[in-house]
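Reading the structure
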Amino acid sequence: MQLTGAQALIKSLEMKDVEVIFGLPGGAILPVYDPILDSPIRHILVRHEQGAGHMAEGYAHVTGRPGVAMVTSGPGATNIVTPLADAAMDSIPIVVITGQVATGSIGTDAFQECPITGVTMDVTKHNWLVTDAQDIPRVVAEAFEVASTGRPGPVLIDVPKDVSNAQMDWYWPSSVSELDLPGYHPATEGDPRAVREAAKLILCASRPVIYAGGGVLKAHAADELKELAERTGIPVVTTLMARGAFPDSHPLALGMPGMHGNYTAVTAMQRADLLVALGARFDDRVTGKVSAFAPEAKVIHVDVDPAELGKVRQAEVQIVGDARRVIGELLRSLAALGLCEPTTGEAAVVAGRSGRGAGAAPDSPASARPDLGPWMAQIRAWQKQFPLTYRQEEGGALKPQYVVEVLRDMTPDDTIVVAGVGQHQMWASQYWRFDYPYTWVNSGGAGTMGFAVPASIGAKVGRPGKMVWAIDGDGCFQMTAQELVTASAERIPVKVAILNNAYLGMVRQWQELFYEERYSEVYLSPDLPDYVKWAEAMGAVGVRVESAEEVAPAIEKANGVDDRPVVMDFRTDAFEKVYPMVPAGASNDDIIVGPAQGEGGR
Amino acid sequence: MKAPVRHHIVSARVENKAGVLVRVSGLFSRRGFNIYSLAVAPTHDERFSRITIVVDVESAPLEQIVRQLDKLVNVVEIAELAPEEATERELLLATVRAAPADRGQVIALVGVFEGTIVDVGLDAMTVLLAGSPSKIDDFEALIRPFGIIELQRTGRVALPKLARRAARLRAVPSGESHEVS
Ligand SMILES: Cc1ncc(C[n+]2csc(CCOP(=O)(O)OP(=O)(O)O)c2C)c(N)n1
Ligand SMILES: [Mg+2]
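Conventions we followed
- Each residue is numbered by its place in its chain's sequence as written, counting from 1.
- The naming scheme follows written order: chains are lettered A onward, ligands numbered 1 onward.
- Note on the predicted model: pLDDT of at least 70 is required for a residue's local features to be given, and 80 or more for side-chain atom pairs to be given and counted; whole-chain, interface and lining totals, by contrast, use all residues.
- With hydrogens and water stripped out, all remaining heavy atoms of the structure feed into the side-chain values.
- Where helices and strands are cited, they refer to DSSP runs of H or I of at least four residues and of E of at least two residues respectively, numbered from the N terminus.
- Buried residues are those whose accessible area, probed at 1.4 Å on protein chains only, stays under 20% of the maximum for their type, while exposed residues exceed 50% and partly exposed ones sit between those limits.
- Here, residues are in contact when the closest pair of their heavy atoms is within 4.5 Å.
- All the domain ranges listed were derived from an automatic or database domain assignment.
- Simply put, the buried area is the total loss of 1.4 Å probe accessible area from both parts when two parts are fitted together.
- By the criterion applied in these results, polar contacts are pairs of N or O atoms within 3.5 Å in which, for protein atoms, one can donate a hydrogen and the other can accept it, and in which residues neighboring in sequence qualify only through two side-chain atoms.
- Nonpolar residues are Ala, Val, Leu, Ile, Met, Phe, Trp, Tyr, Cys and Pro. Charged residues are Asp, Glu, Lys and Arg, and all others, Gly as well, are polar.
- A donor here means an N, O or S atom no more than 2.8 Å from the metal, or no more than 3.2 Å when the metal is Na, K or Ca. Since water is not included, a site may seem to lack partners.
- Every case where a carboxyl oxygen of Asp or Glu lies within 4 Å of a side-chain nitrogen of Lys or Arg is listed as a salt bridge.
- When at least one non-hydrogen atom of a residue lies within 4 Å of a molecule or strand, that residue is treated as near it.
- For the area figures, the Shrake-Rupley method with a 1.4 Å probe applies, and any residue is considered shielded solely by the protein chains shown.
- Note that the arc is defined by the directions from the helix axis to the C-beta atoms.

Quick notes on the overall build of chain B
For chain B, the count of helices and strands is 4 helices and 9 strands. Starting at the N terminus, the α and β elements of chain B follow one another as β-α-β-β-α-β-β-α-β-β-α-β-β. Counting over 181 residues, chain B shows a buried share of 41%. Sequence separation of at least 24 residues holds for 73% of the intrachain contacts in chain B that already meet a minimum separation of 6.

Observations regarding the domain arrangement of chain A
Residues and elements named next belong to chain A. Taken domain by domain, chain A comprises domain 1 (2-178), domain 2 (192-385) and domain 3 (400-579). For domain 2 versus domain 3, the separation of C-alpha centres amounts to 32 Å. Taken together, the contact between domain 2 and domain 3 spans 16 residues of the former and 19 residues of the latter. Taking both sides of the interface into account, the surface hidden between domain 2 and domain 3 amounts to around 1,400 Å²; carbon and sulfur atoms contribute 59%. Looking only at domain 2, the three residues that lose the most surface to domain 3 are Leu240, Arg243 and His260, adding up to 43% of its buried area. Our count for the contact surface shared by domain 2 and domain 3 stands at 8 residue pairs in polar contact (both at pLDDT 80 or more). Split into classes, the residues belonging to the side of domain 2 that touches domain 3 amount to 8 nonpolar, 4 polar and 4 charged.

Here we look at the coordination of the magnesium ion (ligand 2)
All names here are of chain A. Around the magnesium ion (ligand 2), the donor atoms from the protein are Asp474 (OD), Asn501 (OD1) and Tyr503 (O), and they sit 2.0 to 2.1 Å away. Along the chain, the residues that donate to the magnesium ion (ligand 2) are spaced as D-x26-N-x1-Y. Separated by 29 residues along the polypeptide, aspartate 474 in helix α20 (residues 474-480) and tyrosine 503 in the loop between β18 (495-500) and α22 (505-514) bring together distant segments of the chain. For aspartate 474, a relative accessible area of 1% translates into the label buried. For tyrosine 503, a relative accessible area of 17% puts it in the buried group.

Some remarks on the interface of chain A and chain B
In many reports, interface size means the accessible area that the parts give up when they come together. Counting residues at the interface gives 30 residues for chain A, matched by 25 residues for chain B. Between chain A and chain B, the buried area comes to about 2,400 Å², and carbon and sulfur atoms account for 50% of it. Looking only at chain A, the three residues that lose the most surface to chain B are A:Met121, A:Asp122 and A:His126, adding up to 20% of its buried area. The tally of links from chain A across to chain B stands at 2 salt bridges. The interface formed by chain A and chain B holds 7 residue pairs in polar contact (both at pLDDT 80 or more) in total. The class makeup of the residues in the side of chain A that touches chain B is 12 nonpolar, 8 polar and 10 charged.

Here we look at the site of ligand 1
All names here are of chain A. Within the structure, ligand 1 sits among 16 residues, and Gln423, His424, Asp474, Cys476 and Gly505 are positioned closest to it. Note that a nitrogen atom of ligand 1 is positioned 3.4 Å from one of the backbone N or O atoms of methionine 449. At a separation of 2.9 Å, an oxygen atom of ligand 1 approaches a polar backbone atom of tyrosine 503. Compared with its free state, where it exposes 580 Å², ligand 1 has 75% of that area covered by protein. Contributing elements (two or more residues each) for the shell around ligand 1: α18 (423-431), α20 and α22. Here the residues of the shell around ligand 1 are counted per class, giving 7 nonpolar, 8 polar and 1 charged.

Concerning helix α3 (residues 100-112) of chain B
All names here are of chain B. For α3, the full list of buried residues reads Val106, Leu109 and Val110. Each buried residue of α3 lies within a common arc of 95° when the element is viewed along its axis, so the set occupies one face. Along α3, the residues that are exposed and aim more than 90 degrees away from the buried face are Ala101 and Val112. Tucked inside the fold, the buried residues of α3 contact β5 (86-97), β6 (116-120), β7 (124-131) and α4 (133-143).

What to know about the pattern of salt bridges
In total, this model carries 37 salt bridges over all chains according to the counting rule given. For A:Lys399, the salt bridge goes to A:Asp573, with nearest N and O atoms at 2.8 Å. In this pair, A:Lys399 is assigned in the loop between α16 (373-385) and α17 (400-409) and A:Asp573 in the segment after β20 (566-571), connecting sequence segments 174 residues apart. Relative accessible area serves as the criterion here: at 14%, A:Lys399 is assigned to the buried category. One salt bridge connects B:Asp137 with B:Arg153, and the closest N-O pair in it is separated by 2.8 Å. On the criterion of sequence distance, the pair formed by B:Asp137 in helix α4 and B:Arg153 in strand β8 (residues 148-153) is long-range, its members being 16 residues apart. Connected through shared salt-bridge partners, A:Arg151, A:Asp305, A:Glu308, A:Lys311 and B:Lys71 make up one network.

Here it is in structure tokens:
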């Protein structure tokens, strides 16, 4: 069967079961837009290409399947560089297709020419410039393979216009062996010897912590993680990228560690004698000053990307492998050493089962295991002494944390929450209760303002049956709000809660704390723009909320809207700061708990 | 005690495709690793090239450099060649001042080092020497006083020494199974 390159491209996407493309056409990609008219694939026309990229990311976050975006050459392509960089940082599988000028014009500074493979080389897992239409099916199959296996990540396929127009003989690579990827061999299974070593270390530890990262979600290992925690009775911290990987309501859940993590999560890691790092990469926002991070801890580091092992912190046991498989192997190893029964922390403390040998077969190596009781008791004491706190005064300024808590309590437990970047993101992560995986979507590694609105649209497209709430900042909202036009036009009913503090709040917080309250270029204004009118102009419902009493009724009203987007303008206290906080570059031991502690709120 | 090794040789077999060298060298600059020298040419199998990179291990741990390089989709195989277990060669071309009165001395020096004189001008000669990097260093030091007009070294190429016991190619861990998505 003869097809044009463009037809082959769309057909290849169909073969990969792509259900939606987020994109915006232009000259160089024109041929590829024509066969879309005849394809069952839904195309969502964005208002800015950055939106297409973040939508693809949001879709991938909640479905685990690669999100697809398609844009034209030159400025279309450069507009999507930020989402590619964002996806690279957070290991999100997206496939971006860019149009390119005809092969004969490449290198001549032709109209809308941009060497996008060169530009994106360092922010993609891999990219391809297709020079022969006959290669298209194979390259598309390779792109999906690379994006979605091993450590997932973004890929880009650049397709010159003459290649799209050229004829080719259709085929479809039926297996991986027909792909031309001689250098691509992602690891999956852990080295059994290392896994046994890890199991032994776990049985020797008296102050262990599981440090769960985004890799747990990428590997679909939430069930295995829960089993590991319950079997061993080890408490779990979930990083910003791993929120939802372990239920926050579980007795062994310690919540988020890091710069704005809670005191217990941060301090438990600092005092631990063993860190079991699963799909986590010792990001500087988690470790604080690396040399002072978890100084007494031995480390078991499991990651599918060998380059993460030893990159920041040397581990006593390094295991290359997929988190789900390695946890499975670890559980079998633990059973072989005699640890067969669950020893859930809380139940163990209550039932006195956490003593020496809890859950272990008699006379097995596991029966000599240290008692985790004192460790859990210490953790409970920290939790009690240093909970997350804020105070919503009656009639006082509306506290952002209060908005998050009411929203949490008034929405279904499996609501998908999508955050922007800034204070509101941290409050959302801190105050939401994530009990299900893939319900938290945010930009962690890159910290891309403007992520929330488009990513929430992508998430809603991927999970239309779930309620999707973006918790956004006023600054962030202004960066990509135009995509609500897309959402209205396409009837994608996302809801956006703007925590409008009239400031680039996170930057303001740093200026307050570290630049002697010298506020430089952080004031935005609560009323400019008028978010309600703006929402209405974009076909959405707009609601303004100025006091605590109005919060619940307004959310109820928003929850009732199901045929269009909703934007809620919550006028929150501009002076509220995110605590706890570990100042950048400081040791995690120097955590500042809150304004009540120490002078000047530090 | 042995003197600390500052340089390591990384030998990578890469796909012979457009842009691969940029990906490899780009990775060094992006990660802040230093390249001391780099040589690249196709292998006997035209689908692949071999890149021999001498890296400055003070800029980053070797293991980290190797593992990051191995992640590049076009890098097929990568190994560290420990200097004592590798056969290394480099080539030098130099145009040296050699007025008729000095010619004899230059010719003698080239002879001692088993180099070749490849071009002779009125008051200069171009000489060629292939050999181990340290031999090239010595030769360069000795011709320098005559006055070097131009000098070009290739950077080293290397292969593992043949196994009298198994060659210690430090392969990077990678799984054998390759999953279909
Ligand atoms: C694209 C981009 N530009 C700048 C920054 C730096 N930055 C981080 S948080 C922040 C303020 C965000 O303001 P807003 O959206 O109002 O959120 P708030 O902190 O007030 O909750 C800024 C400017 C960034 N992360 N991303
Ligand atoms: Mg703000």
